Amino acid sequence: MSTDSSGVLCHHFDNIQQQQSAARMGMWLFLVTEVLFFGGAFVAYTAYRIWYPEAFLAGSSKLILGFAAINSVLLLTSSLTITFGIHAAHRGDEKMLKRFLLVTILLALVFLGIKAKEYYIDFQEHLIPGTLFITPVHEGHPSPAEEFEAMGVNPGHVQLFFMFYYCMTGIHVLHMIVGVGLIGWLYFLATRGYFKHKERFVYVEVTSLYWHFVDMMWFFLVAILYAAGPHKSLF
Amino acid sequence: MHNEDAGAGPEPSNASYFLIYGLILALIGAQVLVSMNSASIGGAAIYLNLLIAGAQACLLAYFFMHLKGADNLTWLIAGAGLFWIAIMFILMLNDYLTRQIAAY
């Protein structure tokens, strides 16, 4: 399907710049659909946040802000390393490209590990909408529902907050897993010498666009879910 | 931006990326500070947090996602995304927030 001697340029493009621009534009168009995909959840959150502000603040204060801050730093650092990966690919330096891709994957896996730990802690504390929410955590201790009721907050509304928390962070985690898969694929290609042709750096670049977008969504999730309510300590 | 060997590429300044990285790190710290003091800040805390998240997103998009050196078409697509999300927010909230809350 290629017309140039290196096999990089596909036959339906006039030149490599046009091909690279098309790849970038395709990813940007996809990201616009992603904005609207996340946007639906953000709009719904906004409506309920305006209706039940006290319940959402109370729910947010139960989340572990320290984990969110660490994860923000991890994700931001992974954005930096994948950007350096583009530079390495642009230079045709596959060795450095592989290193940067590997570090990016490792940072993402640590993020996912922390998120899993956080979900587990939430589960242990019965901060899950449904039957667990009204079940005492330990013998003789109040359930989360009773605890929130004692604070003068409607437990049903707090459960709504946690529904948003799990749905939105769950969608984000799903995007992270897809991103790790894509970066893993780039790593595999790099081991096969695919990026010896440095024109192919654009494939690292378009994957990085997706990765930065996932990072961006996380910053907004931290703002509306973790940092929204008052916290006395980080952990 | 244009390189005859490899086509259009990222700007090759690592120092500027580290600077942006540092700025966003500082904003993460600011977000934590706002949240830890939100009891005294009051209702403005959520707006401050969203402002910080917006600044982080702008820095990421402009520098890390290379909007800085992007062509007009890319800016148009990014702008269209913002425009459509604005429509979604305005029309949906215009409906839900003007209904009787008792109905829910």
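Residues numbered from 1 in each chain as written. Chains lettered and ligands numbered in written order. Predicted model: local features only at pLDDT ≥ 70, side-chain atom pairs only at ≥ 80, totals over all residues.

*Asks:* For this particular structure, what's the right way to read the overall build of chain B?
*Replies:* Scanning chain B from N- to C-terminus turns up four helices and zero strands. Listed N to C, the secondary structure of chain B is α-α-α-α in terms of helices and strands. Every one of the 104 residues in chain B was classed for burial, and the buried ones make up 25%. The long-range fraction of contacts in chain B, counting pairs at least 24 apart against all pairs at least 6 apart in sequence, stands at 41%. (Helix = DSSP H or I, 4+ residues; strand = E, 2+ residues; numbered from the N terminus. Buried ≥ 20, exposed ≤ 12 C-beta atoms within 10 Å, placed from the backbone. Contact = placed C-beta atoms within 7 Å.)

*Asks:* Help me understand the nonpolar core in this model?
*Replies:* Across soluble globular proteins, nonpolar side chains have a tendency to be buried as a group. Among the nonpolar cores identified, the biggest contains 82 residues, and Leu97, Phe161, Leu209, Val222 and Leu225 of chain A are the most heavily contacted of them. Counting residues per element, this core draws most heavily on helix H7 (residues 201–226) of chain A, at 19 residues. (Core = buried A, V, L, I, M, F, W, Y, C linked by C-beta atoms within 7 Å.)

*Asks:* Sorry if this is basic, but what is going on with the confidence of the model for chain B here?
*Replies:* It should be kept in mind that the predicted coordinates are not to be read in detail where pLDDT is low. All names here are of chain B. Residues with a pLDDT of 70 or more make up 84% of chain B, whose mean pLDDT is 87. Least confident of the elements in chain B is helix H2 (residues 38–41), whose mean pLDDT is 88; most confident is helix H3 (residues 44–64), at 96. In this model residues 1–5 is a low-confidence stretch, pLDDT under 50, and it forms six contacts with partners more than four residues away in sequence or in other chains. (pLDDT = per-residue confidence, 0-100.)

*Asks:* Please clarify how the interface of chain B and chain A should be interpreted in this entry.
*Replies:* How big an interface is tends to be reported as the loss of accessible area on association of its parts. Facing the 46 residues of chain B at the interface are 47 residues of chain A. For the side of chain B that touches chain A, the secondary structure elements donating two or more residues are helix H1 (14–36), H2, H3 and helix H4 (72–96) of chain B. Partitioned by chemical class, the residues of the side of chain B that touches chain A number 34 nonpolar, 10 polar and two charged. (Nonpolar A, V, L, I, M, F, W, Y, C, P; charged D, E, K, R; others polar.)

*Asks:* For this particular structure, what's the right way to read the packing of helix H3 (residues 65–91) of chain A against H7 of chain A?
*Replies:* Two measures define how a pair of helices packs: the angle their axes make with one another and the distance between the axes. Residue and element names in this part refer to chain A. Here H3 crosses H7 at 165 degrees, and the two axes come no closer than 9 Å. The pairing of H3 with H7 is recorded here as roughly antiparallel in orientation. Here the hand of the crossing between H3 and H7 comes out left-handed. Contacts from Leu65, Ala68, Ser72, Leu75, Leu76, Ser79, Ile82, Thr83, Gly85, Ile86, Ala89 and His90 of H3 reach H7 at Phe201, Val204, Glu205, Ser208, Trp211, His212, Asp215, Trp218, Phe219, Val222 and Tyr226. (Axes fitted to C-alpha atoms, helices over the stretch in contact; angles between N-to-C directions. Parallel < 35°, antiparallel > 145°, perpendicular 65-115°, else oblique. Left-handed = near helix turned anticlockwise from the far one by under 90°.)

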